[in-house]
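If you want the building blocks of each chain, they are given just below.
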Amino acid sequence: KEHWTQIHSTNPLERLTTAEIAEWFHAYSIRRPGGANQALSHLRTALKFARETGRLPRDEPDPSSPIRKNTRRARGQLLNAGQLAKLGAWLEAPHLRWLDVADAIHLILLTGCRSGEISRLQWAEVLEDRLRLTTAKTGSRDVVLTPPALAILARRRTGVRSFYVFPASHDAGTPIGTLDVPWRSIREHIGLPREIRLHDLRHTYASQAIMTGETLSMAGQ
């Protein structure tokens, strides 16, 4: 908002120039390149609306059109063999307070599921040899389970007290919640780089599948 106010207060909308917008966009990009991209999109929407409603002539060229958005930097990274070994060793013997989180993280690594798909997983979605996700981001889909993943689920089914596989400790009727916060603590504890996100376990799963001979299509599915 402050950046829009700055550019708009110095010049009415109808007198904005490409040079002024470029200067504003560059100054914003130094601090927040992603935010600058979003703000530029909002400005273009405002200029389009102004032309459509008669505030600007309909044939008025968009002064922001020559400006190119910042290139998005690639986020995250795949875990290498040493990092996977560190994580695997921790998953085998986590601290008591991290038992549920460790099982959830382990399932992400063994299935390639998104963290939200695992943290909100319900027992009704757990079949004999697969997960049948009904609320996945890209629609309903099946995820085949390997013996290690089945072993985790079998252990968790003992004494089950909730229809969620990972219920919240304070309320068995709600899921465990986001795993990103505990992941950051665990990542630091076992010495993984800060750049490794929880979502990177999903990409690592796919990468491992491709390296062992699966096709891109199969890994994607």
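From a predicted model like this one, the values you see are computed outputs, not experimental measurements. (Residues numbered from 1 in each chain as written. Predicted model: local features only at pLDDT ≥ 70, side-chain atom pairs only at ≥ 80, totals over all residues. Heavy atoms only, no water.)

When helices and strands are tallied, the protein chain shows 10 helices and two strands. For 221 residues, the compact-globule estimate of 2.2 N^0.38 gives 17 Å, and the C-alpha radius of gyration of the protein chain, at 24 Å, exceeds that figure by more than 25%. In terms of overall dimensions, the protein chain has C-alpha extents of about 70 × 40 × 35 Å along its principal axes. Burial statistics for the protein chain: of 221 residues in total, 38% are counted as buried. Once local pairs closer than 6 in sequence are excluded, the contacts in the protein chain between residues at least 24 apart make up 54%. Carbon and sulfur atoms form 54% of the exposed surface of the protein chain, whose accessible area is close to 13,600 Å². Mean positive and mean negative side-chain charge positions of the protein chain (31 and 22 charges, respectively) differ by 2 Å. (Helix = DSSP H or I, 4+ residues; strand = E, 2+ residues; numbered from the N terminus. Rg over C-alpha atoms; globule rule 2.2 N^0.38 Å. Buried < 20%, exposed > 50% of the residue type's maximum accessible area, 1.4 Å probe, protein only. Contact = heavy atoms within 4.5 Å. Areas by Shrake-Rupley, 256 points an atom, 1.4 Å probe, with all protein chains shown as cover. Lys, Arg positive; Asp, Glu negative; His and termini not counted. Charge placed at Lys NZ, Arg CZ, Asp CG, Glu CD.)

As a further point, take the environment of Ser119. Counting through the fold element by element, Ser119 comes out in helix H6 (residues 115–119). For the pair Ser119 and Asp129, spaced 10 residues apart in sequence, the C-alpha to C-alpha distance is 19 Å. Not counting chain neighbours up to four residues away, the residues in contact with Ser119 comprise Phe166, Pro175, Ile176, Gly177 and Leu179. Separated by 3.3 Å, the side chain of Ser119 and the backbone oxygen of Gly116 make a polar contact. (Polar contact = N/O pair within 3.5 Å; in protein donor to acceptor, adjacent residues only side chain to side chain.)

Quick look at the side chain of Asp62 now. Examined against the element boundaries, Asp62 turns out to sit in the loop between helix H3 (33–52) and helix H4 (81–92). Although Asp62 is buried, it forms no salt bridge, and the closest oppositely charged side chain is Arg51 at an N-O distance of 4.5 Å. Among the polar contacts made by the side chain of Asp62, one reaches the side chain of Ser64 at a distance of 2.7 Å. Beyond its immediate chain neighbours, meaning those up to four positions away, Asp62 contacts Arg44, Leu47 and Arg51. (Salt bridge = Lys/Arg side-chain N within 4 Å of Asp/Glu carboxyl O.)

Taken as a whole and assessed by the stated rule, the structure comprises one aromatic pair. Seen in terms of ring centroids, Phe163 and Tyr164 are 4.7 Å apart; in terms of plane orientation they differ by 40°. Their pairing is tilted. We classify Phe163 as partly exposed; its relative accessible area is 47%. (Phe/Tyr/Trp six-rings, centres within 6.5 Å; stacked < 30°, edge-to-face > 60°.)

Once that is clear, we can look at the packing of helix H5 (residues 99–111) against helix H7 (residues 147–157). As a packed pair, H5 and H7 sit with axes 9 Å apart at the nearest point and diverge in direction by 150°. Classed by the angle they form, the pair H5 and H7 counts as roughly antiparallel. Crossing of H5 over H7 shows left-handed handedness. For the pair H5 and H7, contact is made by Asp100, Asp103, His106, Leu107 and Leu110 and by Pro148, Ala149, Ile152, Leu153, Arg155 and Arg156, respectively. Classifying every residue of the contact of H5 with H7 by side-chain character gives six nonpolar, one polar and four charged. (Axes fitted to C-alpha atoms, helices over the stretch in contact; angles between N-to-C directions. Parallel < 35°, antiparallel > 145°, perpendicular 65-115°, else oblique. Left-handed = near helix turned anticlockwise from the far one by under 90°. Nonpolar A, V, L, I, M, F, W, Y, C, P; charged D, E, K, R; others polar.)

It is worth spelling out the side chain of Ser29 at this point. With respect to the secondary-structure elements, Ser29 resides in helix H2 (residues 18–31). Classification of Ser29 by relative accessible area gives buried; the value is 13%. Beyond its immediate sequence surroundings of up to four residues, Ser29 is in contact with Ala36 and Asn70.

All right, on to the nonpolar core then. Membership of the largest hydrophobic core comes to 35 residues, with the highest contact counts inside it found for Leu87, Ile105, Ile118, Leu131, Leu153, Trp183 and Leu201. Going through the elements one at a time, H4, H5, strand S1 (130–133), H7 and helix H8 (180–190) are the ones with two or more residues in this core. No other element matches H5, which puts eight residues into this core. Residue contacts for Leu153: discarding those within four places in its chain leaves Leu107, Leu121, Trp123, Val126, Leu131, Leu145 and Val165. Judged by nonpolar contacts, the second largest core, of 14 residues, contains Trp24, Tyr28, Leu43 and Ala50. (Core = buried A, V, L, I, M, F, W, Y, C linked by side-chain atoms within 4.5 Å.)

Any functional reading would require information that these geometric values do not contain.
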